[in-house]
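Results of the structural survey
As a plain string of letters, each chain reads:
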Amino acid sequence: MEQKYKGFWGRVLRVNLSDATVKIEEVDEKIFRQYMGGQALALYYLLKELSSGADPLGPENKIVFATSPLCGTRFPGQARHTVASVSPLTGGLADSQAGGWWGPELKFAGLDAIVVEGQSQAPVYLNILDDRIELLPAEDLWGRTTGDVQDLLKERHSSQARVLQIGPAGEQQVRFANITNELRHFNGRGGLGAVMGSKKLRAIVVKGSHRKIKVHDPEKISEINNWFIKGLKEHPALSLHQELGTPKGVVPLSVAGMLPSYNFQDGSFSGAESISGETMNKTIGAGAHTCYACPVRCKRSIEGSDGKFKVTNRYGGPEYETVGLFGSNLGVDNIIAVGECNELCNALGLDTISTAGTIAWAVECYEKGLLTQEDTGGMELRWNDTAAYLNLISLIAEKRGFGEVLSQGSRRASAAIGRGSEKYAMQVKGQEFASHEPRGKWGVGLGYAVSPTGADHLQAAHDPWFEKPGEYLSDASWVDLEDLSEVGCIDSVPSESLGPDKVRLFTYLQQIWGFHDVLDLCIFVAVPEFRAISLTQIGELLNAVTGWRTSLFDLMKAAERSLTMARVFNIRQGMTSDDDTLPDRMFEPMREGTLKGHSIDRDQFSRALKLYYGMMGWDNLGIPTEAKLHELNIGWLVSE
Amino acid sequence: MDVRVRLFGTLRRFSSPGVPGVWVGQLAAHSTLDDLVKVIGATDREVLTATINGSISPMKAVLHDGDEVVLVTPMGGG
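All right, on to the pairing of strand 1 (residues 11–16) of chain A then. Residues and elements named next belong to chain A. Most of strand 1 is tucked away, with six of its six residues classed as buried. Of the two faces of strand 1, both are covered, the one formed by R11, L13 and V15 as well as the one formed by V12, R14 and N16. Note: strand 1 against strand 2 (residues 21–26), six bridges, orientation antiparallel. Along strand 2, the bridge assignment pairs N16 with T21. From the end of strand 1 to the start of strand 2, which pair antiparallel, there are four residues, and A20 there has a positive phi angle of about 55°. Direction of pairing for strand 1 relative to strand 6 (residues 113–117): parallel, over a ladder of five bridges. Note that in strand 6 the partner of V15 across the bridge is V116.

A separate point is the environment of E243 of chain A. Tracing the backbone through its elements, the reader meets E243 of chain A in helix 8 (residues 236–244). E243 of chain A gets classed as partly exposed once you look at its relative accessible area, which sits at 36%. As for E243 of chain A and V450 of chain A, which are separated by 207 residues in sequence, their C-alpha atoms are 33 Å apart. Setting aside residues up to four positions removed in sequence, E243 of chain A forms contacts with N281 and R300 of chain A together with R12 of chain B.

Let us now look at the pairing of strand 7 (residues 124–129) of chain A. All names here are of chain A. The buried fraction of strand 7 is high, at five of six residues. As defined by bridge partners, strand 7 adjoins strand 8 (residues 132–137) across six bridges and the pair is classed as antiparallel. When the sheet's bridge partners are listed, N127 is paired in strand 8 with E134. Between the antiparallel neighbours strand 7 and strand 8 lie two residues, among them D130 with a positive phi of about 50°. Both strand 7 and strand 12 (residues 201–207) contribute to a ladder of six bridges, which runs parallel. Note on strand 12: the bridge partner recorded for I128 is V206.

Let's shift gears to the side chain of N342 of chain A. Residues and elements named next belong to chain A. Looking at the element boundaries, N342 is found in helix 12 (residues 335–348). The exposure class assigned to N342 is buried, which follows from its relative accessible area of 3%. Setting aside chain neighbours within four positions, we find N342 in contact with G316, G317, P318, T322 and T352.

The next subject is the interface of chain B and chain A. If you look at the interface, chain B gives 23 residues, while chain A gives 37 residues. The contact between chain B and chain A buries some 2,400 Å² in all, and 64% of this surface belongs to carbon and sulfur atoms. The interface formed by chain B and chain A includes three salt bridges. For the salt bridge of E273 of chain A with R6 of chain B, the shortest nitrogen-to-oxygen distance reads 2.4 Å. Counting across the chain B and chain A interface gives two residue pairs in polar contact (both at pLDDT 80 or more). Split into classes, the residues belonging to the side of chain B that touches chain A amount to eight nonpolar, nine polar and six charged.

Conventions we followed
- Residues numbered from 1 in each chain as written.
- Chains lettered and ligands numbered in written order.
- Predicted model: local features only at pLDDT ≥ 70, side-chain atom pairs only at ≥ 80, totals over all residues.
- Heavy atoms only, no water.
- Buried < 20%, exposed > 50% of the residue type's maximum accessible area, 1.4 Å probe, protein only.
- Helix = DSSP H or I, 4+ residues; strand = E, 2+ residues; numbered from the N terminus.
- Pairing = 2+ DSSP bridges.
- Contact = heavy atoms within 4.5 Å.
- Buried area = accessible area lost by both parts, 1.4 Å probe.
- Salt bridge = Lys/Arg side-chain N within 4 Å of Asp/Glu carboxyl O.
- Polar contact = N/O pair within 3.5 Å; in protein donor to acceptor, adjacent residues only side chain to side chain.
- Nonpolar A, V, L, I, M, F, W, Y, C, P; charged D, E, K, R; others polar.

So, in structure tokens, the structure goes:
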């Protein structure tokens, strides 16, 4: 097999599960030049091929697995892939990126993307060994944990094969079931695991033999790589990230009043030290691991027991989001307890963010008398009760008892229960909040509101980095706001503000984050906070891989195009500007903590939404204008 | 006067030898948090929030012998 283009194959696998057929489609380079990969490439297929209002769990839905030209090259942070579909949780776009090992392996098998359509009658899995592609029966995998299935498939095919799969929760179509690869990396959000489950597709096993992706200028890639390695050594944020992983933020956020606690009632947590990255390292730390060809090694391994709770070194340690949501947001001050919740979710295939967020909603409602033992099947719900949470996780994955209610997510669960419980569901568009408190960083609130996938903390960099002027500490050291001078943002902006300067900053940051999702590039490589290479160098990297002449302008436009395509996708699915909102709690004073009494100004928030629409070239109702669609060269969306 | 400072985020790089995340040292009488940040070697732009003995404090706050200070930088998640 010959690689037709530098950095990619121009080959997409189409799998029809209804008639059990597979075929390779050749894709022109122009498609890759315009959409590049990841989120935008997936949206290209979804928008071209899905009808408006597609049922996420019906046979008409499709699910796309996409890489980018960077994936599989020898550069840090390139090992990510996107999965996108209609979300069973929100009804709009589900789009989630994961690192790990599966994306590069797909490239080594000679494929850039997979489009899966239809629905199988019986459980199946897809096995890809270069051009040998087959659908195989999966009855013997059904109902088993992700760990068991990974062992079985590797034994059956190759210990070197890479396994992407859903767990029992995906099989049961839990609306926030996730997809994992190699047990430690997750397309976590939006219920993509339920889409695979609805299609009875348990796993995609890949093993490729084309292990060296042909690139345009390997010397230039080495040069940028060397720059990155220098940054990795000198950059305090990256070395901290290596030492503690994402849980490094637990105590600082609590001190600053932005560690969600007790279902976002408080922002500081007395037990923060007990669930910190430092404590995790000391008590159950078992080293670090990483994604393909990435020297950052930010992933934690954990192992240990305190007699009551136990974690094994199988599924990786919890990320910050999981620590916050199974920790402080449920009042839990035991890192091993948090680790066990993380492990059980990963074994069953549940998104830890939505699982813990939905449980927190139930606990607060129970505390307030809105839920009773009649609703919960006799269970008492309390803060800091991990034994009960572990039971609930299993019930959710099996959709059994009260777990059936919770398996729908907090929006649907609260709508079913009523009694005013909707007020305590911390979600946007049906997707639960990540572990970030918008009342101390209002741009995060705007990001939660306008994110096409519902509440998402990775729409843009968070506000506090841009409160003070940036400065160069060294050629390869952190500079925050100074980083953004490449796109013309040079003024500092207060965290608790949503004026025009903040909306401008957010809009540009969202596009910077957005082109990372289009390129499937990890944000821990180049974004402000972790700047080890500049934004311009990302374009140079893409050019060194592909031979294109991409500029930072092109990358910003690619992100704007992708965000606009996502907007059109959601409009087709029936969403309106009314869905760009936040729960009332965000406009009410915080109960306790450093930011006690702080809230988002509702008027500023409303004005910010309109300003954001305007800056994006959307009308007052948030609908992209025909002119904007043409300007982004996606005029085909006007007529379709 | 003696001051003990707990450092979080990127400020950890200013830790005293052998005690990761902690700076211990002496400051002149009437020193402020601003002064402390300079002595440690950091710049105030790196500090998001500071506490003295558990209370949030402005950078102009004056330190006293035996105070325990916490300094944190902006933090994201992931």
